[in-house]
Amino acid sequence: MVDIGRRAALAALLAAGLVPCPGARAANGATVPSGPRPPASLLGSEIRRLPTSRKVVALTFNAAWDEAGIDTVLAELRRRGLPATFFPTGAFADAHPGAVRTIGAAHGLGNHSYSHPYFRDLSTAQRVQEVRRADAAIRTASGTEPLPFFRFPYSATTRASVADVNDLGYAAIEFTADTNGYLGPQGGMSAEAAAERAIDALTPGAIIQMHVGSNGDGIVLDAEALPLIIDAAESEGYTIVDLRDFLVA
């Protein structure tokens, strides 16, 4: 009954023109992803490991606070010719459009909600609004088509909220391990400790979550840990993979 009610709510929103169909544009300019789609293997549940037996690992970065580590992260990825996927919030895109445009020129951009709320506490209509508003902000800032990947704030997922974002055309991409680098030195972390958390989680299809912002002190441990993580992964025979490779036309 919960699923029927959720789908009925989405149907009502669609009928009212409040949820654009894939590829459509709403009155406020927001759209849902209209390019390559997530395959069935990425739908139906939160994804914490990519569906593959190959020794590949995906590097992902959330962007919700400041932009202190972006230049360092992008420079390291560019130097090595490696891909990553970035998940900015819509509020971040509005506050730092130049940074989002720079990221989007080289890497895929997912959706991390607009205001970073707990989705478990929202109604279907409120979840739709958070996703749509973030999509509009990311599109405007980047000038590119965002990817059909959504990452839940705080990784706080429920079956109903995953189904809601799936119905909007997004796969719920979470993570195998978070480096916890965002805690910063004052949170007891170091670049080496952050890297170790990622390295310990290496497994075929692993998704590593990092952050490009600081914890208020300008120190971005994930930017410092990135080369350590890449070196260790490659030494163990892993290839850094682009999440876009898992989409279908």
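Residues numbered from 1 in each chain as written. Predicted model: local features only at pLDDT ≥ 70, side-chain atom pairs only at ≥ 80, totals over all residues. Heavy atoms only, no water.

The protein has the name Polysaccharide deacetylase family protein in an unreviewed UniProt entry, where Streptomyces erythrochromogenes is given as its organism.

A word on the overall build of the protein
Regarding its fold elements, the protein presents 8 helices and 8 strands. Within the protein, the proportion of its 249 residues that are buried is 54%. Residue pairs at least 24 apart in sequence account for 76% of intrachain contacts in the protein once pairs closer than 6 positions are excluded. Total accessible area on the protein is roughly 10,300 Å²; 53% of this is exposed by carbon and sulfur atoms. (Helix = DSSP H or I, 4+ residues; strand = E, 2+ residues; numbered from the N terminus. Buried < 20%, exposed > 50% of the residue type's maximum accessible area, 1.4 Å probe, protein only. Contact = heavy atoms within 4.5 Å. Areas by Shrake-Rupley, 256 points an atom, 1.4 Å probe, with all protein chains shown as cover.)

Brief notes about the nonpolar core
The nonpolar side chains of soluble globular proteins are, as a tendency, buried together. Membership of the largest hydrophobic core comes to 44 residues, with the highest contact counts inside it found for Val57, Leu59, Phe61, Leu77, Phe86, Ile208 and Leu226. Counting residues per element, the ones that place at least two in this core are strand E1 (56–63), helix H2 (70–80), helix H3 (90–95), helix H4 (97–104), helix H5 (124–142), helix H7 (191–200), strand E7 (206–211) and helix H8 (221–235). At 7 residues, H8 tops the list of elements feeding residues into this core. Residues contacting Leu77, with those up to four places away along its chain left out, are Leu59, Leu82, Pro83, Ala84, Phe86, His107 and Leu226. Counting 16 residues, the second-largest nonpolar core is a separate cluster that includes Val56, Ile207, Val241 and Leu247. (Core = buried A, V, L, I, M, F, W, Y, C linked by side-chain atoms within 4.5 Å.)

Topic: the packing of H7 against H8
Following both chains from N to C, one finds H7 and H8 inclined at 45 degrees, their axes separated by 8 Å at the closest point. On the basis of their axis angle, the class for H7 and H8 is oblique. Note that H7 runs across H8; the crossing there is right-handed. Residues Ala191, Glu192, Ala194, Ala195, Ala198 and Ile199 of H7 form the contact with H8, whose own contacting residues are Leu221, Asp222, Glu224, Ala225, Leu228, Ile229 and Ala232. A breakdown of the residues in the contact of H7 with H8 according to their chemical character gives 10 nonpolar, no polar and 3 charged. (Axes fitted to C-alpha atoms, helices over the stretch in contact; angles between N-to-C directions. Parallel < 35°, antiparallel > 145°, perpendicular 65-115°, else oblique. Left-handed = near helix turned anticlockwise from the far one by under 90°. Nonpolar A, V, L, I, M, F, W, Y, C, P; charged D, E, K, R; others polar.)

Quick word on the confidence of the model for the protein
Averaged over all residues, the pLDDT of the protein equals 90, while 86% of them reach at least 70. Taken together, the stretch residues 7–30 has pLDDT below 50 and engages in 39 contacts with residues farther than four places along the chain or on a different chain. (pLDDT = per-residue confidence, 0-100.)

A closer look at the layout of surface pockets
Its volume calculated, the largest pocket comes out at about 230 Å³. Lining the largest pocket are 15 residues; nearest its centre among them are Asn62, His116, Tyr154, Gln209 and His211. Of the residues contributing to the lining of the largest pocket, the split by class is 6 nonpolar, 6 polar and 3 charged. (1 Å grid on protein atoms, 1.4 Å probe; cavity = no way out; pocket = protein on both sides within 12 Å on 5 of 7 lines; lining within 4 Å. Points joined across faces, edges and corners; volume = space filled by probe spheres on them.)

Focus: the pattern of salt bridges
Considering all chains together, one arrives at 8 salt bridges under this definition. In this structure, the salt-bridge partner of Glu76 is Arg79, at a minimum N-O distance of 2.9 Å. Note that Glu76 and Arg79 are positioned in helix H2 at a spacing of 3 residues, about one turn of the helix. Here Arg79 falls in the exposed class, since its relative accessible area comes to 59%. Of the charged contacts in the structure, one is a salt bridge between Asp231 and Arg80, with a shortest N-O distance of 3.0 Å. With Asp231 in helix H8 and Arg80 in helix H2, this pair connects stretches of sequence that are 151 residues apart. Residue class for Asp231 comes out partly exposed when judged on its relative accessible area of 41%. Salt bridges sharing partners connect three or more residues here, namely Glu76, Arg79, Arg80 and Asp231. (Salt bridge = Lys/Arg side-chain N within 4 Å of Asp/Glu carboxyl O.)

Comments concerning H4
In an α-helix, one turn spans 3.6 residues; hence positions three or four apart end up facing the same way. What H4 keeps buried is the set Ala99, Val100, Ile103 and Gly104. Projected onto a plane normal to the axis of H4, the buried residues spread over an arc of 130 degrees and lie on a single side. (Arc of directions from axis to C-beta.)

Notes on unusual backbone geometry
In this model, Ser113 sits at a positive phi of 80 degrees, which is unusual for a non-glycine residue. Among the secondary structure elements, Ser113 is positioned in the loop between strand E3 (108–109) and H5. When its relative accessible area of 0% is taken as the criterion, Ser113 is described as buried.

Description of the environment of Arg159
Looking at the element boundaries, Arg159 is found in helix H6 (residues 159–167). Between the C-alpha atom of Arg159 and that of Glu46, which follows or precedes it by 113 residues, the distance is 8.5 Å.

Description of the packing of aromatic side chains
Where two aromatic rings form a pair, the distance of their centres and the angle of their planes describe that pair. One pass over the full model with this rule turns up 6 aromatic pairs. Where Phe61 meets Phe86, the ring centres are 5.2 Å apart and the plane angle is 15 degrees; that geometry is what we call stacked. Remark: Phe86 occurs in strand E2 (residues 85–88) and Phe61 occurs in strand E1; sequence separation between them is 25 residues. Like Phe61, the residue Phe86 is buried in the burial classification. Measuring from ring centre to ring centre gives 5.2 Å for Phe119 and Phe150, while their planes differ by 50 degrees; the resulting arrangement is tilted. Separated by 31 residues along the polypeptide, Phe119 in the loop between E3 and H5 and Phe150 in strand E4 (residues 149–150) bring together distant segments of the chain. Owing to a relative accessible area of 0%, Phe150 belongs among the buried residues under this scheme. Joined through ring pairs, the aromatic side chains of Phe119, Phe150 and Phe152 make up one cluster. The cationic tip of Arg48 hangs over the ring face of Phe175; the distance from NZ or CZ to the ring centre is 5.1 Å. (Phe/Tyr/Trp six-rings, centres within 6.5 Å; stacked < 30°, edge-to-face > 60°. Lys NZ or Arg CZ within 6 Å of the ring centre and 35° of its normal.)

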